[in-house]
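# Reading the structure
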Amino acid sequence: MYKDVPLLMYHDIGNNDSPWCVSPEQFEQQLRWLKEQGYTTIPLDQLKEGLERNKDSIQENGDGIKEKVVVLTFDDGRKGIYTYAYPLLRQYGFTATLFIVPHWIAGKDIPAQEAYSQFLSWEEVQEMAAAGFCIGSHSLTHRNMTTLSEPVLQE
């Protein structure tokens, strides 16, 4: 059932000294475990659609057995996603949903506390999108949206 689909959220894959970062080795162990347990990935928008339609099943293989699926997401659009996660995800036959901050991709308005690692380039985002990764917005600037005026929210 769609309501039983696990969603794993990451921020960065790399060797940065940050609580938001998972090492490439740990990330590969997690992917290997998912693969060994028979999981496949679906994009977050497919999960959303299934929940909205109140579907009972994800998909079935030719034998009528429901597949085990998981959603993998990455917030902020950090470079480690491309450098480390992307090759590993392809190796294991997985995809993910990326939530990027366009200003940070463009190198603008990056707060000091977020500068612990680099961000993706637009070319890398396009490459991953062409490979089947779902791309979403994590807001334009990563500001607290509950404090913004209506015109700024519209922007």
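Keep in mind that this is a model prediction, so the values were computed, not measured.

Let us now look at the side chain of E124. Following the sequence through the fold, E124 ends up in helix α5 (residues 122-130). For E124, the residues in contact, after removing those within four places along its chain, are K79 and Y82.

Let us look at the packing of aromatic side chains. For the structure on display, the rule yields seven aromatic pairs. Judged by centre distance (5.1 Å) and plane angle (90°), the ring pair of Y10 and F27 falls under edge-to-face. One end of the pair, Y10, is in strand β1 (residues 7-10); the other, F27, is in helix α1 (residues 24-36), with 17 residues separating them in the sequence. The same class applies to Y10 as to F27, namely buried. Ring geometry for Y82 against Y86: centres 5.5 Å apart, planes inclined by 25°, an arrangement best described as stacked.

So, on to α1. Here α1 is 13 residues long and its end C-alpha atoms lie 18 Å apart, about the 18 Å a rise of 1.5 Å per residue gives. Restricting attention to buried positions, one finds in α1 the residues P24, F27, L31 and L34. All buried residues of α1 lie within an arc of 85° about the axis, which places them on one face of the element. Along α1, the residues that are exposed and aim more than 90 degrees away from the buried face are E25, Q29 and E36. The first or second residue beyond α1 is G38, which carries a positive phi of 90°.

What counts and how
Residues numbered from 1 in each chain as written. Predicted model: local features only at pLDDT ≥ 70, side-chain atom pairs only at ≥ 80, totals over all residues. Heavy atoms only, no water. Helix = DSSP H or I, 4+ residues; strand = E, 2+ residues; numbered from the N terminus. Contact = heavy atoms within 4.5 Å. Phe/Tyr/Trp six-rings, centres within 6.5 Å; stacked < 30°, edge-to-face > 60°. Buried < 20%, exposed > 50% of the residue type's maximum accessible area, 1.4 Å probe, protein only. Expected span 1.5 Å × (residues − 1). Arc of directions from axis to C-beta.

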